[in-house]
Amino acid sequence: MATAAPDPGAAQPDAVPVSPSPGANLMAVTFRIRRFDPEAAAEAFWQDFRVEIDPKERVLDALHSIKGEQDGSLTFRRSCAHGICGSDAMRINGRNRLACKALVKDLSPQRPVVVEPLKGLTVLKDLVVDMEPFFQAYRDMLPFLVTSGNEPTRERLQSPAQRARFDDTTKCILCAACTSSCPVFWNDGQYFGPAAIVGAHRFIFDSRDEAGERRLEILNDNHGVWRCRTIFNCTDACPRGIQVTKAIQEVKQALVTRRL
Amino acid sequence: MPTDVTSGAGRAPAEPGPGRGRGPGPGHPAPLVEPPRQRTTRTPRSTRGNFEMYGWLFMRVSGVVLVLLVLGHLLIQLMLDGGVSRIGFAFVAGRWASPWWQVWDLLMLWLAMLHGSNGLRTVINDYAEHTATRLWLKALLYTATAFTVLLGTLVIFTFDPDIT
Ligand code: SF4
Ligand code: FES
């Protein structure tokens, strides 16, 4: 579709499109969505929606179109719609992704595109899950700068090399795609999960921070880093491209070298 | 699965499904699809310690040592000097006359058993969902491990080549 061949006459369908750009090549795509409404039924079920959509649009656009034009009860979270707030992580075609970063054309739209809530967290309604256990694990990690002594009168200096040490883990947007793709977390909800460890890594390796030891102690738990089996699902799932498993391994390494 | 029998509303959904859905309880009008996974104040938090770290290290170290021991063992038992054909009671008796092979086999026994058991402990922790199941499986595992290790050790040190 690289060649711009606007054929307005042929491309305009009768079906209600998602505000198509002029000359967009619309395509009928089926979205198979996992629905759950606790007030209506105790069981979740699959529902298919057919949407006329430009394949270059995103799954989030399709969800908007379904909610706006087909079924207003469809429930999902989203805020920024540009991959930065981390609120619309969901399982799309069996993989955790941000709906606002998943282009329809990349999801083999000839077949139904399967959209489910994140796995391993309690489903509240449709695609909305209870994020509290996830945030609880993150909070347990002391995700803030801890220092001692008087507050300095100028900024805390850091060399570019010191900053680069933890650069990768600063990019986390707390979307939970990693934690809810982890088979260990699926079975043991008490496992801190990759995202919390990423959050800890960001401060453990920050030269300005002084609570690294405390965080390592917190992670040296039965449900801490040692439950990681290096499955790499988290690294695959992270929409920010963070080397999550590597960060976890670095925390393990820090624990081993500092404890022995 | 607390179903609200008094009102009958708990049985309203026609298909209860494979144990996932939960009947609406009195205080909870909305049933849950998945069990909640929360770290509450009542969750035991005294699970910190170096045990899991040593376990993790042991797996790596014993793995490396076992590669050498087991490959050496296989080489001697199966390939060198006639291989399998010469293995017999006399062969074992001859080897265990030397402390070197006694220690070799002892190390292999202990490392392999502990490595395997720790691996299985991990698997049980990962896959057994109920606390009781986990407990029983681990009790079984530890018993089997202790039995095998102790019996093996006993045999290595009390082996009598003149037994009739
Ligand atoms: S590490 Fe990546 S996948 Fe995990 S919460 Fe952060 S941004 Fe999301
Ligand atoms: S809506 Fe903000 S990340 Fe997708």
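Just so you know, these numbers come straight off a predicted model, no measurement behind them.

### Observations concerning the site of ligand 1
Working step 1: Taken together, 13 residues sit near ligand 1, with C172, I173, C175, C178 and C238 of chain A positioned nearest.
Working step 2: By residue class, the composition of the shell around ligand 1 is 12 nonpolar, no polar and 1 charged.

### Re the side chain of R121 of chain B
Residue and element names in this part refer to chain B.
Working step 1: Position of R121 relative to the elements: it lies in helix α3 (residues 99-127).
Working step 2: A polar side-chain atom of R121 sits 3.2 Å from a polar atom in the side chain of E52.
Working step 3: Aside from chain neighbours lying at most four places away, what touches R121 is F51, E52, K138, L141 and Y142.

### Observations regarding the packing of aromatic side chains
Working step 1: Within this structure, the stated rule accounts for 7 aromatic pairs over all chains.
Working step 2: The interplanar angle of 65° and the centroid separation of 5.3 Å between the aromatic rings of F134 of chain A and F135 of chain A together place this pair among those described as edge-to-face.
Working step 3: Look at F134 of chain A and you get buried, because its relative accessible area is 4%.
Working step 4: The class of F135 of chain A is partly exposed, set by a relative accessible area of 28%.
Working step 5: Among the aromatic residues, those joined into a cluster by ring pairs are F89, W96 and F159 of chain B.
Working step 6: The ring of W186 of chain A has K119 of chain A lying over it, and the distance from NZ or CZ to the ring centre is 4.0 Å.

### Side note on helix α7 (residues 212-219) of chain A
Residues and elements named next belong to chain A.
Working step 1: Residues G212, R215, L216, I218 and L219 constitute the buried set of α7. Projected down its long axis, α7 carries its buried residues within an arc of 160°, all on one side.
Working step 2: Along its buried surface, α7 packs onto α3 (132-140), α6 (193-204) and α9 (244-259).

### Let's talk about the layout of surface pockets
Over the atoms, a rolling probe the size of a water molecule traces out where space has been left empty.
Residue and element names in this part refer to chain B.
Working step 1: Its volume calculated, the second largest pocket comes out at about 200 Å³.
Working step 2: Every residue along the wall of the second largest pocket is listed here: F51, G55, F58, L114, S117, N118, R121, Y142, T145 and A146.
Working step 3: Where the lining of the second largest pocket is concerned, the elements lending two or more residues are α1 (51-79), α3 and α4 (131-158).
Working step 4: Ranked by residues supplied to the lining of the second largest pocket, first place goes to α3 with 4 residues.
Working step 5: Across the lining of the second largest pocket, the residue classes tally to 5 nonpolar, 4 polar and 1 charged.

### Observations regarding unusual backbone geometry
Residue and element names in this part refer to chain A.
Working step 1: Positive phi, normally seen in glycine, also occurs at N93, with a value near 50°.
Working step 2: Counting through the fold element by element, N93 comes out in the loop between β3 (89-92) and β4 (95-98).
Working step 3: Of note, the phi angle at S108 is positive, near 40°, even though the residue is not glycine.
Working step 4: Tracing the backbone shows S108 in the loop between β4 and β5 (113-116).

### What about helix α2 (residues 59-69) of chain A?
Working step 1: Within α2 of chain A, the full set of buried residues consists of V59, L60, D61, A62, L63, S65 and I66 of chain A.
Working step 2: Turning to α2 of chain A, the residues buried within the fold contact β1 (27-35), β2 (45-53), β3 and β5 of chain A.

### Focus on the sheet that holds β2 of chain A
All names here are of chain A.
Working step 1: Sheet architecture is open: 5 strands sit in the order β2-β1-β5-β3-β4, paired in mixed fashion. The two strands at the open ends of the sheet, each matched to only one other strand, are β2 and β4. Sheet twist, expressed as the average angle between the axes of neighbouring strands with direction ignored, equals 35°.
Working step 2: As defined by bridge partners, β1 adjoins β2 across 9 bridges and the pair is classed as antiparallel. Counterpart to M27 in the pairing with β2 is I53.

Criteria and cut-off values
Residues numbered from 1 in each chain as written. Chains lettered and ligands numbered in written order. Predicted model: local features only at pLDDT ≥ 70, side-chain atom pairs only at ≥ 80, totals over all residues. Heavy atoms only, no water. Near = heavy atom within 4 Å. Nonpolar A, V, L, I, M, F, W, Y, C, P; charged D, E, K, R; others polar. Helix = DSSP H or I, 4+ residues; strand = E, 2+ residues; numbered from the N terminus. Polar contact = N/O pair within 3.5 Å; in protein donor to acceptor, adjacent residues only side chain to side chain. Contact = heavy atoms within 4.5 Å. Phe/Tyr/Trp six-rings, centres within 6.5 Å; stacked < 30°, edge-to-face > 60°. Buried < 20%, exposed > 50% of the residue type's maximum accessible area, 1.4 Å probe, protein only. Lys NZ or Arg CZ within 6 Å of the ring centre and 35° of its normal. Arc of directions from axis to C-beta. 1 Å grid on protein atoms, 1.4 Å probe; cavity = no way out; pocket = protein on both sides within 12 Å on 5 of 7 lines; lining within 4 Å. Points joined across faces, edges and corners; volume = space filled by probe spheres on them. Pairing = 2+ DSSP bridges. Axes fitted to C-alpha atoms, helices over the stretch in contact; angles between N-to-C directions.

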